[in-house]
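Spelled out from the first residue to the last, the chains are:
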Amino acid sequence: MNKYKIFYIDDEKDSLINPIKEKLESKNILEVTLNKPKNFESELDILTQDLKNYDALILDLQLNGPQEDTFDENGEKFKVRYQAPPLAQMLRTLASEGSLPDMPIILCSTETKIKDSFSRDFTSHDLFDWTFLKDDINEITIKKIVSLIDGYRVINSDKKNFSHFLNRDYKELDERILSRFVCEDNPPPHEIARTIFKDIIQPIGLLVNEVTLAARLGINISESKDWGKLCGYFSSGEYKGIFNDSWKRWWNDLVIDIFEGITSENLASLDAVSRVTLLIEKTGLRELVVAEPIKLFESNNYWNVCEVTGMPLDPFEGFKIIGKEEPKPWQDYAYVSLFAIVEKPKIVDKMGIKIHPTEIDRLAIERIKID
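The rules behind the values
- Residues numbered from 1 in each chain as written.
- Predicted model: local features only at pLDDT ≥ 70, side-chain atom pairs only at ≥ 80, totals over all residues.
- Heavy atoms only, no water.
- Helix = DSSP H or I, 4+ residues; strand = E, 2+ residues; numbered from the N terminus.
- Rg over C-alpha atoms; globule rule 2.2 N^0.38 Å.
- Contact = heavy atoms within 4.5 Å.
- Areas by Shrake-Rupley, 256 points an atom, 1.4 Å probe, with all protein chains shown as cover.
- Lys, Arg positive; Asp, Glu negative; His and termini not counted.
- Charge placed at Lys NZ, Arg CZ, Asp CG, Glu CD.
- Phe/Tyr/Trp six-rings, centres within 6.5 Å; stacked < 30°, edge-to-face > 60°.
- Buried < 20%, exposed > 50% of the residue type's maximum accessible area, 1.4 Å probe, protein only.
- Lys NZ or Arg CZ within 6 Å of the ring centre and 35° of its normal.
- Pairing = 2+ DSSP bridges.
- Axes fitted to C-alpha atoms, helices over the stretch in contact; angles between N-to-C directions.
- Core = buried A, V, L, I, M, F, W, Y, C linked by side-chain atoms within 4.5 Å.
- Right-handed = clockwise from strand over helix to strand, strands pointing away.
- Parallel < 35°, antiparallel > 145°, perpendicular 65-115°, else oblique.
- Left-handed = near helix turned anticlockwise from the far one by under 90°.
- Salt bridge = Lys/Arg side-chain N within 4 Å of Asp/Glu carboxyl O.

What follows deals with the overall build of the protein chain. Broken down by element type, the protein chain carries 16 helices and 13 strands. What you see for the protein chain is a C-alpha radius of gyration of 23 Å, in line with the 21 Å of a compact globule of 371 residues. Here the C-alpha coordinates of the protein chain stretch approximately 75 × 50 × 40 Å along the principal axes. Taking all contacts inside the protein chain whose residues are at least 6 apart in sequence as the whole, residues at least 24 apart take part in 66%. If you sum the accessible surface of the protein chain, you get close to 18,300 Å²; carbon and sulfur atoms cover 48% of it. For the protein chain, the distance from the average position of its 48 positive side-chain charges to the average position of its 64 negative side-chain charges is 2 Å.

Quick look at the structure:
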């Protein structure tokens with residue numbers, strides 16, 4: 001099998017980045033070429049030529065960090081004065097113009113640098129398809145890089161076949177999602193990939209991940225031995241479009257339809273106990289356990305999960321989280337529980353979670369109740 005070829009730029013010493021290369025190549029799937037950053041204009045010239053032979057680009061966030069002596073093609077010493085975002089921006093522009101192939105641009109760095117710099121720069125987030133931490137490279141990291149490359153290949157093969165990208169009739173969905181590309185003669189593949197990944201796959205809304213699926217069915221995954229078997233009943237609702245092999249999702253509307261087909265009841269109108277009782281009765285799966293409410297909450301009308309604990313919650317009890325922008329019409333808010341806010345404030349802070357302004361007064365009232 002041909003390996004996926006990765007062009008990796010990092011300003012760190014070889015002794016620090018060679019182990020990263022070894023981890024990425026550990027499954028014999030990726031072939032990583034290490035490169036030190038050049039001055040900006042030279043870097044663009046090199047990438048315009050060399051990226052034609054690669055499948056993805058990985059950039060270290062701070063290319064202008066402390067460096068060993070670096071020399072240009074004329075042997076003159078220089079210092080890199082740019083970071084990954086402006087380089088990625090220029091590469092995206094060149095790809096849109098057809099000067100180089102459109103491919104995944106992936107960011108890697110340390111947790112501290114991501115939090116202190118990149119997380120605050122919302123304008124740079126859309127330049128990168130995905131971000132991983134240098135200290136957390138494993139088999140999942142490799143699979144996600146491969147999934148991104150394969151997804152780009154599908155998009156590049158037919159830029160207007162939205163139903164093919166999603167493996168579902170696009171007309172069944174909210175057509176506003178990809179509407180901007182309908183009228184474009186030659187939409188940039190990275191724009192399509194970004195919209196599908198960051199507007200459909202990552203947020204809860206059209207699609208749900210496993211913990212949200214369990215919440216909507218009322219199930220405690222860890223205590224339900226028949227959870228895997230139950231998922232089999234919902235297999236026809238699985239998302240099979242691009243990136244699905246590393247980001248497992250289910251179509252929310254199909255989950256609702258499947259539940260109604262099994263139970264003859266509307267999923268959203270039932271509490272968790274009723275949902276699980278019906279599923280046990282209709283499927284014969286006895287090892288399904290109802291999820292209990294998070295501490296400090298009472299409702300089991302679950303629909304979402306707490307971003308900190310991963311436990312199910314009723315969105316009317318949970319507190320909305322403010323993101324870099326308001327959710328689009330087909331997306332849900334993310335939520336955090338009172339328990340997490342009160343009992344796990346360090347984790348809440350580490351995750352960069354901020355309460356939505358419309359929830360601040362209610363949070364203050366709930367805090368008073370438990371003090």
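The structure having been displayed, the exposition proceeds.
Attention shifts here to the packing of aromatic side chains. One pass over the structure, following the stated rule, counts nine aromatic pairs. Consider the rings of Trp 130 and Phe 132, whose centres lie 5.7 Å apart with planes at 35°: the pair is tilted. Take Phe 132: its relative accessible area is 4%, and that puts it in the buried class. Feature note: the residues Trp 130, Phe 132, Phe 197, Phe 243 and Trp 247 constitute an aromatic cluster, connected by ring pairs. The cationic tip of Lys 5 hangs over the ring face of Tyr 54; the distance from NZ or CZ to the ring centre is 5.2 Å. When the ring centre of Tyr 333 is taken as origin, the NZ or CZ atom of Lys 320, which lies over that ring, is 4.5 Å away.

A separate point is the sheet that holds strand S6 (residues 105-109). Taken in spatial order, the five strands of this open sheet run S2-S1-S3-S6-S7, and their pairing is parallel. Looking at which strands have only one partner, the edges of the open sheet turn out to be strand S2 (30-35) and strand S7 (130-133). Put simply, the sheet's adjacent strands are angled 25° from each other on average, direction ignored. The pairing of S6 with S7 spans four bridges and is classified as parallel. For Cys 108, the partnering residue across the bridge sits in S7 and is Phe 132.

Membership of the largest hydrophobic core comes to 44 residues, with the highest contact counts inside it found for Ile 145 and Ile 196. Counting residues per element, this core draws most heavily on helix H6 (residues 139-157), at seven residues. Apart from residues lying up to four places away in sequence, Ile 145 is in contact with Ile 6, Leu 24, Leu 30, Ile 58, Ile 106, Trp 130 and Phe 132.

Bridge count for strand S1 (residues 4-9) against S2 is six bridges, and the pairing is parallel. Across the sheet, Ile 9 pairs through a bridge with Asn 35, a residue of S2. Crossover S1 to S2 through helix H1 (residues 14-24) is right-handed.

Take the packing of H6 against helix H9 (residues 189-201) next. Between H6 and H9, the shortest axis-to-axis distance is 10 Å and the interhelical angle comes to 125°. Classified by the angle between their axes, H6 and H9 sit oblique to one another. Helix-helix and strand crossings are classified by hand; for H6 and H9 the assignment is right-handed. Residues Tyr 152, Ile 155 and Asn 156 of H6 touch H9, and the partners they reach there are Pro 189, His 190, Ile 192 and Ala 193.

Moving on, we get to the pattern of salt bridges. Applying the stated criterion across every chain, the model contains 24 salt bridges. Residue Asp 226 is joined to Lys 229 by a salt bridge in which the shortest nitrogen-to-oxygen separation is 3.9 Å. Lys 229 sits in the exposed class, given a relative accessible area of 55%. Salt bridges here are not isolated pairs; linked through shared partners, they connect Arg 180, Glu 184, Glu 191 and Arg 194.

Position of Pro 187 relative to the elements: it lies in the loop between helix H8 (179-182) and H9. By relative accessible area, Pro 187 is classed as buried at 0%. Sequence separation of Pro 187 and Arg 216 is 29 residues, and the distance between their C-alpha atoms is 36 Å.

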